[in-house]
Amino acid sequence: MARTTDSDLAPHELRVLVAVADAGGFSAAARTLGLTQSAVSHSVRGSERRIGAVLFERGRSGARPTPAGESAVAHARRILRLLDVLTAEARGAARYDAAKGPLRIAAFRSAALHLLPPVLQRLRARHPEIEPQVRIVREVGRGTAGEVADGKADIALATLDGSVPLPPGLVASELFEEPYALVYPAGHAAPRSLPLVDWAENCGSYTRAWWAAQDWIPKATVEAEDDGAVLSLVSGGHGMAIMPALSLAGAPNSVEITDLGPERPTRQVGHVTTPELAGSAVVRALVRELRATVPRGCERPQPLGSAGFR
């Protein structure tokens, strides 16, 4: 039987690290865990000693993870989640139903609004003991994939060809290719002459080259918070926009949508998870339902053959 070593951290020590990071201090973490502050401090000091790095910056305002601490907490979240999955699936296997328990999903706004609802409806019908938990995350910076890397989500719906590389240690697979279109106030005779309405999540590497080559697209004069606000502004006659298909699902009759032609930009939408969770029953169940769904106006890609998602 394998023995633990002086450098091993026990699950309860990992929970302390996560609690301190989430609560922002030792006292708050102690209240969350039902421990004394001295017990939390002792646990963190022991973890730091075994890891050989300072994990938290202590101050009057609380405790903040150092770069080493951020890495340790992210790994701790992922390890604790795997322990939860191990327990749930082992119990489920004994009853011939391993697909049960929480499933944490991170999704960007349009995917959460227009892709996930029918997927989750079918998932619940087939696996009523799975408990989906959806968080909407802006697809900027590390975006939804960063939630998986940090151990805050089991699987993410993400744009796979954005300007920020996928965090290391994750696996991804494409679901469909989402085309962009021109949207403008209904009945406008010269929509390309209108001001541009845009939002921060709309321009990654998938559109930048095409965008730069279009001399008719002006610099954005209106910046909105998200794609829903963009569509509302366009509907109100404040300009035109270039938006992906999911963002245009259910667009009102007060706007018109025009195809941008054969050279139109597209973006890849896919799912991202960890290699360990890729084989879990809950993630595999969701992936099956995602693969059965291609939103209207989008195209299914050729199979990528990624391990762990069949």
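In what follows, the structure referred to is the one given above.
Here's what I pulled together on the structure shown here. (Residues numbered from 1 in each chain as written. Predicted model: local features only at pLDDT ≥ 70, side-chain atom pairs only at ≥ 80, totals over all residues. Heavy atoms only, no water.)

## Structural notes on the packing of helix α1 (residues 11-23) against helix α3 (residues 37-51)
1) Next: For the pair α1 and α3, interaxial distance at closest approach is 9 Å and the crossing angle is 110°. Accordingly, the angle class assigned to the pair α1 and α3 is roughly perpendicular. From α1, Glu13, Val16, Leu17 and Val20 reach across to α3, where they touch Val40, Ser43, Val44, Ser47 and Arg50.
2) Next: In terms of residue class, the contact of α1 with α3 is built from 5 nonpolar, 2 polar and 2 charged. (Axes fitted to C-alpha atoms, helices over the stretch in contact; angles between N-to-C directions. Helix = DSSP H or I, 4+ residues; strand = E, 2+ residues; numbered from the N terminus. Parallel < 35°, antiparallel > 145°, perpendicular 65-115°, else oblique. Contact = heavy atoms within 4.5 Å. Nonpolar A, V, L, I, M, F, W, Y, C, P; charged D, E, K, R; others polar.)

## Quick word on the pairing of strand β1 (residues 56-59)
1) Next: Sheet analysis places β1 next to strand β2 (residues 62-65), joined by 4 bridges and oriented antiparallel. Counterpart to Arg58 in the pairing with β2 is Ala63. (Pairing = 2+ DSSP bridges.)

## Considerations on the pattern of salt bridges
1) Next: Counted by the stated rule, this structure contains 18 salt bridges.
2) Next: Between Arg109 and Asp227 there is a salt bridge; the shortest N-O distance is 2.8 Å. Taken together, the residues Arg109 in helix α5 (residues 109-114) and Asp227 in helix α9 (residues 227-235) connect sequence positions 118 residues apart.
3) Next: A residue is classified by how much of its surface remains accessible, and Arg109, at 27% relative accessible area, is partly exposed.
4) Next: When its relative accessible area of 4% is taken as the criterion, Asp227 is described as buried.
5) Next: If you follow the salt bridges from partner to partner, you end up with Arg81, Arg104 and Asp154 in one network. (Salt bridge = Lys/Arg side-chain N within 4 Å of Asp/Glu carboxyl O. Buried < 20%, exposed > 50% of the residue type's maximum accessible area, 1.4 Å probe, protein only.)

## Focus on the environment of Pro102
1) Next: On the secondary structure map, Pro102 appears in strand β3 (residues 101-107).
2) Next: Here Pro102 falls in the partly exposed class, since its relative accessible area comes to 33%.
3) Next: Pro102 sits 18 residues away from Asp84 along the chain, and the two C-alpha atoms are 9.3 Å apart.
4) Next: If we skip the residues at most four places from it in the chain, Pro102 touches Arg81, Glu131, Gln133, Asp154 and Val282.

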